[in-house]
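Per-entry structural report
Each chain, written out:
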Amino acid sequence: MSAKRAERLVNLVIALLGTRQYVTAAKIRETVPGYEPDDGTARADEAFKRMFERDKAELREMGVPLETGRTSVFDTEDGYRIARADYELPEITLTGEEAAAVGLALRLWESAQLAGAAQSALVKLRAAGVDVDPARAPVQPRLDSDEPAFEPCYAAARDRRVLQFDYRRPDEDAPARRHVQPWGVVAWHGRWYLVGLDLDRQAPRVFRLSRVVGTPRASGSENAFEPPADVDLAGLVAGAFGGRGEEQLVVVRARPGAAVGLRRWATPLGAGPDGDDRLQLRTTEPWRLADQLAAYGPDVLVESPAAVRAAVVERLTRLAAMGER
């Protein structure tokens, strides 16, 4: 599925989840970004109908409870909505590792540009007279990446457009101009990286967004290139900006009954002075372990080494600051 189609489907789901009324196809065309605009031509009408039919079929195949009906007897055509009670999931219990993975995915979702477009659809539905219930509407995502280069890099990778920017390496006095086919943006150990094909060097390269100088600029048409089908973005970042070092021992204290996922591979060290359980962990990637430990919040406290404890505190402090915005 293309990025544009996935974005359109998400916009459609969010718009139909936020209303009790049935929304007609014409209103969906006007309010949900990504559909063929109405320019009065038969070609545009036919293109919209085909696209909308494919999207309805796709949602139903994915198990989305898309309902068809009419809000009142005065309606002249059928509309659509999503039965929220049938769509919501039951209560979910996650392990620490699963919670950490969801947290990383949430950071990317909150950074994606589709958030603004989806909210715009809800605003347009209200303006069109559709009853949108704020209590039923999903939470508005927000842009949480503090890297100025994130948004243009993400957009260029999504649209498959060539990107140019000035990049300053630590061993260089002045930034150098780079021309890149962006394959994707990756979060790794608390930082954001752009992965792509460096056109000047004709080789894959990884760029830390904090080292980008100024605002990257996209050029050329969309879908100008296609990333390799088997490319491992995270693997490229790990290979360029770090690797596995020597094994380290990390000692943590966990509240009784908490951190079940952590206990599966930890060595018990007995009870601590305050009644918490002391656990010993082995890792060759302490910064990745810090991400996992931070996901447990107050249920886990790092005793040693001090560098891992400081890394966990830094992550929790950053998350707390984000929550206050």
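Going by an unreviewed UniProt entry, the protein carries the name WYL domain-containing protein and comes from Geodermatophilus normandii.

**Some thoughts on the nonpolar core**
If you look at the biggest cluster of nonpolar residues, it comprises 19 residues, and the most contacted ones within it are Leu12, Leu16, Ile28, Tyr35, Phe52, Tyr80 and Ile82. Where this core is concerned, the elements lending two or more residues are helix H1 (3–17), helix H2 (25–31), helix H3 (42–61) and strand S3 (79–82). In terms of residue count, H1 provides more of this core than any other element does, 6 residues in total. Leaving out residues up to four positions away in the same chain, tyrosine 35 has contacts with Arg8, Leu12, Ile28, Arg29, Phe48, Met51, Phe52 and Asp55. Membership of the second largest hydrophobic core comes to 18 residues, among which are Val250, Leu289, Ala290 and Ala311.

**As for the side chain of threonine 24**
Mapped onto the secondary structure, threonine 24 falls in strand S1 (residues 23–24). If sequence neighbours within four positions are ignored, threonine 24 has contacts with Glu77, Asp78 and Gly79.

**Description of the pattern of salt bridges**
By the definition in use, this model includes 16 salt bridges. A salt bridge links arginine 158 to glutamate 7; its shortest N-O distance comes to 3.6 Å. You can see arginine 158 sitting in helix H7 (residues 150–159) and its partner glutamate 7 sitting in helix H1, a full 151 residues away along the chain. Taking the relative accessible area as the measure of exposure, arginine 158 reaches 19% and is therefore buried. When its relative accessible area of 17% is taken as the criterion, glutamate 7 is described as buried. Overlapping salt bridges bring together Arg253, Asp274, Arg278 and Glu303 as one network.

**With respect to the packing of aromatic side chains**
Throughout the structure, instances matching the rule amount to 9 aromatic pairs. Here phenylalanine 150 and tyrosine 154 contribute two aromatic rings whose centre-to-centre distance is 6.0 Å and whose plane-to-plane angle is 5°, an arrangement assigned as stacked. Taken together, the residues span about one helical turn, with phenylalanine 150 and tyrosine 154 both in helix H7 at a distance of 4 residues. Accessibility expressed as a relative area gives 1% for phenylalanine 150, which makes it buried. On the numbers, 5.2 Å between centres and 85° between planes, the contact of phenylalanine 165 with phenylalanine 207 is edge-to-face. Within this pair, whereas phenylalanine 165 is found in strand S4 (residues 162–167), its partner phenylalanine 207 is found in strand S7 (residues 203–208), the two being separated by 42 residues in sequence. One exposure class covers both phenylalanine 165 and phenylalanine 207, and it is buried. Ring-pair connections join several aromatic residues into one group, and the members of that group are Tyr35, Phe48, Phe52 and Tyr80.

**Section: unusual backbone geometry**
Of note, the bond from serine 304 into proline 305 is cis; its omega dihedral lies within 30 degrees of zero at 0°. On the secondary structure map, proline 305 appears in the loop between strand S12 (300–304) and helix H11 (306–323). One non-glycine residue, asparagine 223, lies in positive phi territory at about 55°. Here asparagine 223 shows up in the loop between strand S8 (212–219) and helix H8 (233–241).

**Looking at the sheet that holds S4**
A sheet is described by the order of its strands in space; here 5 strands give the open sequence S7-S6-S5-S4-S8, paired in antiparallel fashion. The outermost strands of the open sheet, each flanked by one partner alone, are S7 and S8. In this sheet, neighbouring strand axes are inclined to one another by 40° on average, regardless of whether the strands run parallel or antiparallel. In the sheet, S4 pairs with S8 via 5 bridges, with the strands oriented antiparallel. By the bridge assignment, valine 162 is partnered in S8 with serine 219. The strands touched by H7 are S4, strand S5 (176–188), strand S6 (191–198) and S8; relative to S5, the strand with the most contacts, the crossing angle is about 90°.

**Focus on H3**
For H3, with 20 residues, the first-to-last C-alpha span of 29 Å sits near the 28 Å given by 1.5 Å per residue. All of the buried residues in H3 are Ala44, Ala47, Phe48, Met51, Phe52, Asp55, Lys56, Glu58 and Leu59. Burial along H3 is one-sided: seen end-on, the buried residues are contained in an arc of 165°. Those residues of H3 that are exposed and angled more than 90 degrees off the buried face are Ala42, Arg43, Lys49 and Glu61. With its phi angle positive at about 90°, glycine 63 sits one or two positions after the end of H3.

Calculation criteria
- Residues numbered from 1 in each chain as written.
- Predicted model: local features only at pLDDT ≥ 70, side-chain atom pairs only at ≥ 80, totals over all residues.
- Heavy atoms only, no water.
- Core = buried A, V, L, I, M, F, W, Y, C linked by side-chain atoms within 4.5 Å.
- Buried < 20%, exposed > 50% of the residue type's maximum accessible area, 1.4 Å probe, protein only.
- Helix = DSSP H or I, 4+ residues; strand = E, 2+ residues; numbered from the N terminus.
- Contact = heavy atoms within 4.5 Å.
- Salt bridge = Lys/Arg side-chain N within 4 Å of Asp/Glu carboxyl O.
- Phe/Tyr/Trp six-rings, centres within 6.5 Å; stacked < 30°, edge-to-face > 60°.
- Pairing = 2+ DSSP bridges.
- Axes fitted to C-alpha atoms, helices over the stretch in contact; angles between N-to-C directions.
- Expected span 1.5 Å × (residues − 1).
- Arc of directions from axis to C-beta.

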